Each structure stands twice: as C-alpha cells, then as structure tokens.
Amino acid sequence: MSSSSAAPAAKPPMREALVAAAFQLFLERGYEQTTVDDIVALAGVGRRSFFRYFPSKEDVVFPDHERCLADMTAFLAAGGEEHEPVRRVCDAARLVLGMYAENPTFSVQRYRLTKQVPGLRAYELSVVWRYERALAEYLRGRFAGRPEGTLRADVVAAAVVAAHNNALRSWLRSDGLGDAGAAVDHALGYVQKAFGRGTEPAAVAAGEPAGPAEDVVVLVSRRDTPLWRVVQELETALGRC
C-alpha cells in the first residue's frame with residue numbers, strides 16, 4: 001500500500017452514531033413518524049444496541065443530560081464551607097450551559113424539535129426539575145439550621161434555573177449566535193445580587209457572619225430639621241460617596 005493512501009475515516013462511536021441517525025430522521029420525517037427501527041436501520045445496528053444506550057426514543061433527544069447531571073452533582077458535593085453557596089449553585093448551572101455550547105448546531109436543532117413535540121417538552125421539563133432538585137438539595141444542606149433555610153434553598157434553586165433558562169433560550173432562539181456565556185452570567189448576576197452573601201438578614205440576626213458589608217451612609221441632623229433639608233443633605237452626602 002502506498003504511504004500516500006488516505007486512511008479510512010474512523011466510524012463514530014455507536015452512541016453518537018445513533019444520535020446522529022435519529023436527528024437526521026427527525027429532521028427529514030418528523031419525530032412522531034420516526035421509529036426506533038428506523039433509527040437502528042440507518043445507524044446499521046440492532047434494536048438491542050439502541051436500548052443499551054437509550055431507554056426510550058425520548059432519551060436519544062437528550063443524550064447528554066445524564067452525564068451533565070452527574071457532573072453537576074459531583075461539582076456541588078466537592079464544594080466546601082469556603083464556597084459561598086449561592087455562587088456555587090450559579091457556577092453549577094454554568095456546567096449545563098457548557099453542555100449546550102459544546103455543539104450549538106445540535107442544541108438549536110433540539111430546541112426547535114422540542115418546541116414542536118409536546119411529549120418532548122414534557123420530558124425536558126422533567127429533566128429541568130432534576131437539575132433544580134440537585135441545586136435545592138445542596139442548598140438545603142448549606143442552609144440547614146438557619147431560619148427558613150429550606151424555603152430559602154428552594155427559592156434560590158428555582159431562581160437559578162429560571163435565570164439560566166431565560167438566557168439559554170434567548171441564545172437558542174437566536175440560532176446559537178452571540179455570547180451565551182455572557183448572557184447567562186448576566187442573568188445569574190441577578191440571582192447572586194438578590195440572594196448571595198450580604199442579603200441574609202435572618203442570618204445576621206442569628207449572629208452569623210453576613211459577609212462583606214455594603215456601603216453605609218450615616219446622616220446626623222437636628223430633630224427639628226425640615227424633612228426637605230434632610231433629603232437635600234442626604235442627596236449631597238450620596239453624591240460625595
């Protein structure tokens with residue numbers, strides 16, 4: 001054989017081949033009109049091989065969520081007391097964004113397909129709920145013993161998921177154009193400002209450290225000073241800060 005002969009292209013792993021075959025058929029025929037038999041025939045494998053990787057046809061649409069959920073759970077478990085909990089769950093949500101950003105074309109195709117098929121939308125919501133539950137369980141552990149710690153954990157987890165999904169879906173609607181990371185960072189910034197360290201009055205009342213303090217302006221005025229004068233002096237003081 002000549003040394004200049006091109007080596008044959010390596011076949012993709014079976015799992016990836018099944019996903020590629022499935023989406024090719026979904027785009028050509030439609031999701032409902034495509035069967036598992038159609039997918040395995042195009043991929044050149046048997047039904048048993050399909051179900052070794054995917055429990056159902058719905059699962060082939062979301063092939064990477066199980067791995068991402070495992071990565072998120074491990075990331076949260078590795079967090080220590082030195083990690084501010086709200087920032088930690090925001091960073092965990094960025095792992096999900098990374099999964100989508102790895103293959104923008106596939107992610108946009110899946111988004112469009114999910115919008116068209118109610119059953120896939122319901123499946124996706126169940127996946128999102130599992131992410132939210134993982135975040136909430138981590139936060140419940142970190143907020144244990146605090147006043148309304150469980151409530152705070154559940155609210156923060158829901159807020160993180162809502163902020164992440166708002167930015168992610170905007171990016172998907174734009175066909176994967178633009179900086180998805182910047183959009184998600186901006187959205188999660190709202191969560192950190194609302195619930196991060198320094199916004200826990202109950203923790204302060206309980207004698208716990210409140211984290212970095214915000215700027216405080218103290219205005220000293222006579223009791224009989226007119227209110228308009230107090231406001232004027234306050235505005236002047238704030239203008240100098």
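Treat the numbers as computed from the prediction; the structure is a model and nothing was measured.

**Let's talk about the pattern of salt bridges**
Taken as a whole, this structure holds 12 salt bridges when the rule is applied. Linking D64 and R110 is a salt bridge whose minimum nitrogen-to-oxygen distance equals 3.1 Å. Note that D64 is positioned in the loop between helix 4 (57–61) and helix 5 (65–77) and R110 in helix 7 (residues 104–116), a separation of 46 residues in sequence. With respect to burial, D64 and R110 carry one shared label: buried. Between R94 and D185 there is a salt bridge, with its nearest N and O atoms 2.7 Å apart. Of the two residues, R94 is situated in helix 6 (residues 85–101) and D185 in helix 10 (residues 180–195); the sequence distance between them amounts to 91 residues. Its relative accessible area of 25% is what places R94 among the partly exposed residues. Using a relative accessible area of 39% as the deciding quantity, one classes D185 as partly exposed. Each of R67, D71 and E102 takes part in a single network of salt bridges with overlapping partners.

**Quick word on helix 1 (residues 14–29)**
Here helix 1 spans 22 Å end to end across 16 residues, near enough to the 22 Å set by a 1.5 Å rise per residue. Three or more residues of helix 1 are buried, namely L18, V19, A21, A22, F23, L25 and F26. On its buried face, helix 1 is in contact with helix 2 (36–43), helix 3 (47–53), helix 4 and helix 7. Downstream of helix 1 by a residue or two, G30 has a phi angle that is positive, lying close to 105°.

**Examining the packing of helix 6 against helix 9 (residues 149–173)**
It is the contact of helix 6 with helix 9, at a shortest axis distance of 10 Å, that shows an interaxial angle of 30°. Classified by the angle their axes make, helix 6 and helix 9 are roughly parallel. Where helix 6 crosses over helix 9, the two elements pack in a sense that is right-handed. Note on element contacts: helix 9 touches helix 6 through V156, V160, H164, L168, W171 and L172, opposite V86, V89, C90, A93, V96, L97, Y100 and A101. Residue composition of the contact of helix 6 with helix 9, by class: 13 nonpolar, one polar and no charged.

**Quick notes on the packing of aromatic side chains**
Think of a pair of aromatic rings as described by two things: how far the centres are apart, and how the planes are tilted against each other in angle. In this structure the tally under the stated criterion is six aromatic pairs. Ring plane angle 15° and centroid distance 5.1 Å describe the contact between F62 and Y123, whose orientation is recorded as stacked. Residue F62 is located in the loop between helix 4 and helix 5, and its partner Y123 is located in helix 8 (residues 118–142); the two are separated by 61 residues in the primary sequence. With relative accessibility at 5%, the residue F62 sits in the buried group. When its relative accessible area of 22% is taken as the criterion, Y123 is described as partly exposed. Sitting over the face of the ring of Y31, K57 holds its NZ or CZ atom 4.1 Å from the ring centroid. In this structure, R152 is placed above the aromatic ring of F143, and the distance from its NZ or CZ to the ring centre is 5.7 Å.

**Remarks on the confidence of the model for the protein**
Reading fine detail from the predicted coordinates is not recommended where pLDDT is low. Across the protein, pLDDT averages 85, with 77% of residues at or above 70. Note that residues 1–9 has pLDDT below 50 and, in this model, zero contacts with residues that lie over four places away or in other chains.

Conventions and cut-offs
Residues numbered from 1 in each chain as written. Predicted model: local features only at pLDDT ≥ 70, side-chain atom pairs only at ≥ 80, totals over all residues. Heavy atoms only, no water. Salt bridge = Lys/Arg side-chain N within 4 Å of Asp/Glu carboxyl O. Helix = DSSP H or I, 4+ residues; strand = E, 2+ residues; numbered from the N terminus. Buried < 20%, exposed > 50% of the residue type's maximum accessible area, 1.4 Å probe, protein only. Expected span 1.5 Å × (residues − 1). Contact = heavy atoms within 4.5 Å. Axes fitted to C-alpha atoms, helices over the stretch in contact; angles between N-to-C directions. Parallel < 35°, antiparallel > 145°, perpendicular 65-115°, else oblique. Left-handed = near helix turned anticlockwise from the far one by under 90°. Nonpolar A, V, L, I, M, F, W, Y, C, P; charged D, E, K, R; others polar. Phe/Tyr/Trp six-rings, centres within 6.5 Å; stacked < 30°, edge-to-face > 60°. Lys NZ or Arg CZ within 6 Å of the ring centre and 35° of its normal. pLDDT = per-residue confidence, 0-100.

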